[in-house]
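# Structural overview for review
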Amino acid sequence: MASQTIVRPTSLVDLSSMKTWGLEGLTNAKFTFDTKTTTATILISVISLLLIEQLVYRTKKAHLPGAKWTIPVIGKFADSLNPSLANYKAQWNSGPLSAVSVFNIFIVIGSSTDMARKILNSPNHAEPCLVASAKKVLCPDNWVFLHGKVHADYRKALNVLFTKQALSTYLPIQERIYRSYFSKWVSESNSKPYMMEMRDLNMDTSLQVFIGPYVTKEQTAEINKKYWLITVALELVNFPFAIPGTKVYNAIQARKVCMKYLEAASAASKIRMSDPNAESQCLLDEWTQAMIQARKAKDDGETTKLLSREYSDREIAMVLLSFLFASQDAMSSAIVYAFQLTADHPEVLAKVREEQYRVRGNDLERPLTLDMVDDMVYTRAVVKEVLRFRPPVIMVPYETTKPFPITPEYTVPKGSMIIPAFWNALHDETCYPEPDSFKPERWLPNDDGTPPIADSKPQNYLIWGSGPHKCIGGQYASMHLAATLGTASVLMNWEHEVTKDSEEIKVIAAIFPKDELRLKFTTRPPPS
């Protein structure tokens, strides 16, 4: 029998002996090699992306003043967490146009009068975006973000809310709110910050004027509180994503609450004003009444056609939401600075009082009328100077919808943020001599009756903006400020507790004194 070679299967022990063959070492070597390769690939990719980011920024920036390089990813976000007017001024003074980047948003700032006006008056190249998160917060279909004919039609329809007749309806409501707050302020014995209390006054006034009988005291307090969350989320620079816990997320939740009340107010006004004997008690009623009358009208005029369509409760609520945004921030800032500047310039406050006593016939209980406000020539000059000297809104961001050849030498890329800044226009010494001084007299006619030099360049007075998105409520706002200051001047005295931060400016959505305006109010005796 021939011999056979028996091949035995490898035993388990043999399989485990791979260690002795060095196979485990080979496996580890392969793993180490792959890890290093992956890490290197990721690192190279990140570096490449960062270099591309810098190249894109430099290409977009071209010759404009601004940082040569941008901080990776966040850009100037860190600087913007604590914005200062000094830093903004440095940017504005670097040139008529300058560039910056925040969270990879390329931003061009137009700081001269000509550049600011060109941005505001170029609807074919740029549209308002307010801030990166604004559409998320205020709703993308809000009328303030519309453009072209749709936006123009809204404006024409809404003009009915700011006629002399409508303004006359609002004035008694405003004065009632002022007096209730002034009574409270004089009862407080110590000096304290009044910035937020003045915001409360302004918010209460706005809510009563806009939706008066359709909001309870408790709802007013809730909307007031919620709307502050919207304000802080609409700072010029903010973390742009709506992640729970962020300002933007909180603002969106606040907006939902506010919209619920505003839509309910719209529905209630439509029901109430359907009664032909019902009288208008607020701005919302004025709008509802105008729509009802337009549907009954026989004429085919443009305004009648625009008002006769059925605006939904949501559309009306979004308009009211935008009015609250505009009135709450800018108007609160203006009221705060009106009190601070008149306290710091007692000779100005004395002239305001003198005029108020004359206009009111020394009768402090006499209800204000629109004719009386029109007669407040000096008080309205003070208001104008407050707004020039401390403009509540220093910038209004727009977004380019296509390449924008803003000068022969430079075209702003599509999708960039482009921001008209107003400070330099309002502090131009060619029409505002000594621009850093508070001088209401600059708005009064000269002794020989000729117009003041301050009126020589009306294009510089960009307080209300310009172009198709110019503030629709400028006349109401001016009346509100004159009435607030005028009524306060005859009912109260106030002293300003000056601190090291009184002249420092903090920028939220509007500007405010860094110390939040510390005042002490006392009752003023009636004239003898």
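How each quantity is defined
- Residues numbered from 1 in each chain as written.
- Predicted model: local features only at pLDDT ≥ 70, side-chain atom pairs only at ≥ 80, totals over all residues.
- Heavy atoms only, no water.
- Helix = DSSP H or I, 4+ residues; strand = E, 2+ residues; numbered from the N terminus.
- Buried < 20%, exposed > 50% of the residue type's maximum accessible area, 1.4 Å probe, protein only.
- Contact = heavy atoms within 4.5 Å.
- Areas by Shrake-Rupley, 256 points an atom, 1.4 Å probe, with all protein chains shown as cover.
- Pairing = 2+ DSSP bridges.
- Axes fitted to C-alpha atoms, helices over the stretch in contact; angles between N-to-C directions.
- Salt bridge = Lys/Arg side-chain N within 4 Å of Asp/Glu carboxyl O.
- Expected span 1.5 Å × (residues − 1).
- Phe/Tyr/Trp six-rings, centres within 6.5 Å; stacked < 30°, edge-to-face > 60°.
- Lys NZ or Arg CZ within 6 Å of the ring centre and 35° of its normal.

## Some remarks on the overall build of the protein
Along the protein, the regular secondary structure elements total 20 helices and 12 strands. A buried classification covers 49% of the 528 residues belonging to the protein. Within the protein, residue pairs in contact and separated by at least 24 positions form 71% of the contacts whose partners lie at least 6 positions apart. Only carbon and sulfur atoms are counted for the fraction: they give 58% of the accessible area of the protein, which is about 25300 Å².

## Details of the sheet that holds strand β3 (residues 126-128)
In sheet architecture, strand pairing relies on hydrogen bonds along the backbone and comes in two forms, parallel and antiparallel. Strand order in the open sheet made by the five strands is β1-β2-β8-β5-β3, with mixed pairing throughout. Two strands close off the open sheet at either side, each with one partner strand: β1 (97-102) and β3. Here the strands of the sheet are splayed against their neighbours by 30 degrees on average, with no regard to which way each runs. Where strand β5 (residues 398-400) meets strand β8 (residues 417-420), two bridges bridge the pair, whose relative direction is antiparallel. The residue of β8 that forms the bridge with Tyr 398 is Ile 418.

## Quick word on the pattern of salt bridges
The final tally for this structure, using the stated rule, is 28 salt bridges. Residue Glu 127 pairs with Lys 135 through a salt bridge whose shortest N-O separation is 3.6 Å. You can call Glu 127 buried: its relative accessible area is 11%. Residue class for Lys 135 comes out partly exposed when judged on its relative accessible area of 29%. For Lys 270, the salt bridge is made with Asp 313, and the minimal N-O distance between the two is 3.0 Å. You can see Lys 270 sitting in helix α12 (residues 247-273) and its partner Asp 313 sitting in helix α15 (residues 313-344), a full 43 residues away along the chain. Owing to a relative accessible area of 24%, Asp 313 belongs among the partly exposed residues under this scheme. Here the salt bridges share partners, and the residues they tie into one network are Glu 175, Arg 179, Arg 360 and Glu 365.

## Things to note about helix α9 (residues 164-186)
In an α-helix, one full turn covers 3.6 residues, which means residues spaced three or four apart are oriented alike. If you check α9, its first and last C-alpha atoms are 33 Å apart, about what 23 residues at 1.5 Å a residue would give, namely 33 Å. Regarding α9, the residues found buried are Ala 166, Leu 167, Tyr 170, Leu 171, Ile 173, Gln 174, Glu 175, Ile 177, Tyr 178, Tyr 181, Phe 182 and Trp 185.

## Looking at the pairing of strand β12 (residues 518-523)
Pairing analysis gives two bridges linking strand β4 (residues 192-193) to β12, with the strands arranged antiparallel. By the bridge assignment, Lys 192 is partnered in β12 with Leu 519. As defined by bridge partners, strand β9 (residues 492-496) adjoins β12 across five bridges and the pair is classed as antiparallel. By the bridge assignment, Trp 494 is partnered in β12 with Phe 521.

## Focus on the packing of aromatic side chains
Applying the stated rule across the entire model yields 24 aromatic pairs. Pairwise contacts between aromatic rings join Trp 143, Tyr 154, Phe 162, Tyr 170, Phe 210, Trp 287, Tyr 311, Phe 323 and Tyr 476 into one cluster. Note that Lys 192 overlies the ring of Tyr 194, its terminal NZ or CZ placed 5.3 Å from the centroid. Directly above the aromatic system of Tyr 461 lies the positively charged group of Lys 384, at a separation of 5.3 Å from the ring centroid.

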